[in-house]
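# Observations on chain architecture
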Protein chains: 2
Amino acid sequence: MGTNVGQQSFTIIENGTIVTPSGFTAGGLHCGLKKTSRNDIGAIRCEVPATAAAVYTTNVFQAAPLKVTRESLSNGRLQAVIVNSGNANACTGQQGEEDAYAMRSAAARELGVAEEDVAVASTGVIGELLKMDAVHSGITALPAQLGNEANEAEQFSQAILTTDLVKKEACVSVVVNGKTVTIAGAAKGSGMIHPNMATMLAFMTSDAVIGAEALQRLLRQATNHTFNMITVDGDTSTNDMLVAMSSGYAGNEELTMDHPDWDAFAAGFTYVCEVLAKAIARDGEGATKLVEVQVTGAVSDESAQAIAKTVIGSSLVKSAMFGADANWGRIIAAVGRAGQPVNPDTVDIRLGDISVLEQSRPVVFDEEAALAYLQTDDTVRIIVDLNHGEGTAIAWGCDLTYDYVRINAAYRT
Amino acid sequence: MGTNVGQQSFTIIENGTIVTPSGFTAGGLHCGLKKTSRNDIGAIRCEVPATAAAVYTTNVFQAAPLKVTRESLSNGRLQAVIVNSGNANACTGQQGEEDAYAMRSAAARELGVAEEDVAVASTGVIGELLKMDAVHSGITALPAQLGNEANEAEQFSQAILTTDLVKKEACVSVVVNGKTVTIAGAAKGSGMIHPNMATMLAFMTSDAVIGAEALQRLLRQATNHTFNMITVDGDTSTNDMLVAMSSGYAGNEELTMDHPDWDAFAAGFTYVCEVLAKAIARDGEGATKLVEVQVTGAVSDESAQAIAKTVIGSSLVKSAMFGADANWGRIIAAVGRAGQPVNPDTVDIRLGDISVLEQSRPVVFDEEAALAYLQTDDTVRIIVDLNHGEGTAIAWGCDLTYDYVRINAAYRT
């Protein structure tokens, strides 16, 4: 069932889902918010009030459900999440807020939990009011599914998708003072993806015993190195949210940063975030490949992050990756405009194993080999060594393709 | 010949070029740097050493010709500009620098001016050495053209283009204490265009009597409101340069900021910059239309500029404009992530005359009319009023199209 990866302190559970950690059920179905018959409403329920944490979009215009979720989370606890796709319930004013509260109270009633223990999330078109008839019929039908269907997690994962092509899930287990703790996550997001929580929803479950403060801190740290290091198109959504719930069913001694197994737990938790983040980047609207940018030798990790994000966000670099063009000139131009300390004479650039620039000077390289490397439908690695310090970072994104334009020229109409 | 525009203090000269101001000749021809037979080397020459000023890219990696031009301009004077397209002479190390100096000395010799009065500019592919044989043969052939052909300015304007579809020129005249002063400009740039002097070259000529310091200050001011307010794809080139030369042949009293006609001159100068900047944005790689973003009601002009640039730079907004989709949700999402003070409850958005958002709430609008407005091949105006202060700004860009991807997926290979 599990795969132990090298020296890693956690075990990957290949087909694990958000209901693999003990204590969770989930479900999803079509209630009529999407024009197609795809699932558009879903829920996760914990048997007990779970320790919970969340991070939210940095956009000034935050959608109504975020306000409601913040309020629910003020006690560090959640027992259920209700989420819809097809409509973001953003820029919908007073009515939108009332609708988000109505979603919360209907979910609380139907799932048998307290209102203040329910998080609400929405994703989809901005500026249209939710069809509340559809939402209410969906919420009423959900409880029959939770815990009763073999593919309940699959139904949930489908319910949160918009222009995504594939569902995104990950699961690992970690041993904490002899007890097996399981951590899982499900996410959506393929357009409007950018650092700082772009149109992305992610839900993580765990059965670890952990305090809300420790969970919140870990969530923020892991987010900074994973979800906040991906970009599809540089836009930041009004609706992004990452919610983590931990049931405590694993029965371990409470995890704190001083616990001897904290690092193992944090590594497993961060790994789940990284798998989901990379899956979102790979499934970027119109993408044909995952692009990974590794920056080393920067003056600090923060500086390396800024440079990696600038390179991964460059439309010219992204177009070149689509065209399998080893156009390192665009990579170095992006490095140079990141606003970070760079020595213009000491930069090395590799595409995978192929060195194209050394000490800021072009290297004669095998164009055929570079073309073959870039023509992958898997992962292209751009490696930039500034030779200017000890800072490192990795960012993920995708290529810019005809399909990105097609999808976004006709999303709403 | 001229058109006087409303209350403007200057007169537009419809077919004016960089040789319309007295004292200038120009030329351009094909020397072999481009694979096609299009012009790839050009020069402007002034009969006398001209007062000169320049602004350069902010990219850390500045191309060799910029270093040479900076050195030439240290005395505030230029008599000639030599420029090539097809090769940027960037990231070419010591050899690239020697080549840029060689271009300068060859141009000085052939054009009969002092070396330290020659500016050098290059645009094109990064990281390849210039074919100096071609460059030298081009420079040798240029003098026969300068001042001897009716279309000499046209030949120059063609010589600086890369992926541009059309040449960009503008010309105005202004009366300064009774003397007619003429100001003209020619520019190139269609990809890697972003605030802070992206792959853009612009050359301005004037016959005004003006000091180098005043010209430099005006050039910087005008650039901030024109060239630095356009974006095609968010990338900033290694080679951008805007050079202005003024022959003094108009014989006016020296223009200083205290001169009673300074404002008229500045308005004419800025207008030429704006026409060129908008032409660059309109000719953005693959663009089908010009997009203008007007921001009012910001806390300051700087804040309005930041917001306007974020909106015009959003791939999602740009894709929607291509698709003629009145997707104001993407506009407000871009406003909200610009990192500027915004009241989330007071934003108005119009597309041309069509109001789509008032006080941050959707307005029911005529979708047919909006579609018709956005389907133009001319200019689409996005008007954002934050109702939060007195700051205003205008930015220009273009839509994101299949052709942008096509052009940039296969530029180098």
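Keep in mind that this is a model prediction, so the values were computed, not measured.

### Here we look at the packing of aromatic side chains
This structure, assessed with the given rule, holds 11 aromatic pairs over all chains. Taking 6.3 Å as the distance between ring centres and 50 degrees as the angle between the ring planes, the aromatic pair formed by Trp262(A) and Phe265(A) counts as tilted. Of this pair, Trp262(A) and Phe265(A) both sit in helix α6 (residues 262-282), 3 residues apart, roughly one helical turn. Residue classification places Trp262(A) among the buried positions, given a relative accessible area of 4%. Grouped by ring-pair contacts, the aromatic residues Phe322(A), Tyr402(A), Phe322(B) and Tyr402(B) constitute a single cluster.

### Description of the interface of chain B and chain A
The interface of chain B with chain A comprises 55 residues on the first partner and 55 residues on the second. Between chain B and chain A, a total of about 4500 Å² is buried, with carbon and sulfur atoms accounting for 59% of that surface. On the surface where chain B and chain A come into contact, there are 0 salt bridges. Across the contact surface, chain B and chain A share 0 residue pairs in polar contact (both at pLDDT 80 or more). Ranked by residues supplied to the side of chain B that touches chain A, first place goes to helix α9 (residues 328-336) of chain B with 8 residues. Residues belonging to the side of chain B that touches chain A are distributed by class as follows: 24 nonpolar, 21 polar and 10 charged.

### Notes on the UniProt feature "binding site: substrate" (unreviewed entry) in chain A
UniProt feature "binding site: substrate" (unreviewed entry): in the numbering of this structure it lies at Thr162(A), Lys188(A), Thr199(A), Glu285(A), Asn408(A) and Thr413(A). Along the chain, Thr162(A) falls in the loop between α4 (152-159) and β7 (168-176).

### Some remarks on helix α1 (residues 64-72) of chain A
Along α1(A), the residues classified as buried are Ala64(A), Pro65(A), Leu66(A), Val68(A), Thr69(A) and Ser72(A). Buried residues along α1(A) sit in contact with β4 (41-56), β5 (77-87), α2 (93-111), β6 (118-125) and β10 (241-246) of chain A.

### Re the relation of the copies chain B and chain A
When chain B is brought onto chain A, the operation consists of a screw motion whose angular component is 180 degrees and whose axial shift is 0.0 Å, with 0.0 Å RMSD remaining. Taken together, the rotation angle and the small translation identify this as a two-fold axis. Minimal C-alpha separation from the rotation axis in chain B is found for Tyr402(B), amounting to 2.6 Å. Of the interface residues in chain B, 100% have counterparts in chain A that sit at the interface too, so the contact is made through matching surfaces.

### Observations concerning the domain arrangement of chain A
Many analyses report the size of an interface as the accessible area lost when the parts associate. Residue and element names in this part refer to chain A. When its domains are assigned, chain A resolves into domain 1 (2-282) and domain 2 (290-409). Each of domain 1 and domain 2 has a C-alpha centre, and these two points are 31 Å apart. Between domain 1 and domain 2, the contact holds 15 residues from the first and 18 residues from the second. Summing both partners gives a buried area of about 1300 Å² for domain 1 against domain 2, and 63% of it is carried by carbon and sulfur. For the domain 1 face of the interface with domain 2, the top three residues by lost area are Met229, Thr231 and Arg282, together amounting to 43%. Taken together, the connections running from domain 1 to domain 2 amount to 0 salt bridges. Taken together, the connections running from domain 1 to domain 2 amount to 3 residue pairs in polar contact (both at pLDDT 80 or more). Of all the secondary structure elements, the ones that give two or more residues to the side of domain 1 that touches domain 2 are α5 (212-225) and α6.

Rules used in this analysis
- Residues numbered from 1 in each chain as written.
- Chains lettered and ligands numbered in written order.
- Predicted model: local features only at pLDDT ≥ 70, side-chain atom pairs only at ≥ 80, totals over all residues.
- Heavy atoms only, no water.
- Phe/Tyr/Trp six-rings, centres within 6.5 Å; stacked < 30°, edge-to-face > 60°.
- Helix = DSSP H or I, 4+ residues; strand = E, 2+ residues; numbered from the N terminus.
- Buried < 20%, exposed > 50% of the residue type's maximum accessible area, 1.4 Å probe, protein only.
- Contact = heavy atoms within 4.5 Å.
- Buried area = accessible area lost by both parts, 1.4 Å probe.
- Salt bridge = Lys/Arg side-chain N within 4 Å of Asp/Glu carboxyl O.
- Polar contact = N/O pair within 3.5 Å; in protein donor to acceptor, adjacent residues only side chain to side chain.
- Nonpolar A, V, L, I, M, F, W, Y, C, P; charged D, E, K, R; others polar.
- UniProt positions renumbered as here; feature names shortened; annotations may be inferred.
- Least-squares fit on C-alpha atoms with pLDDT ≥ 70 in both.
- Domains from an automatic or database assignment.

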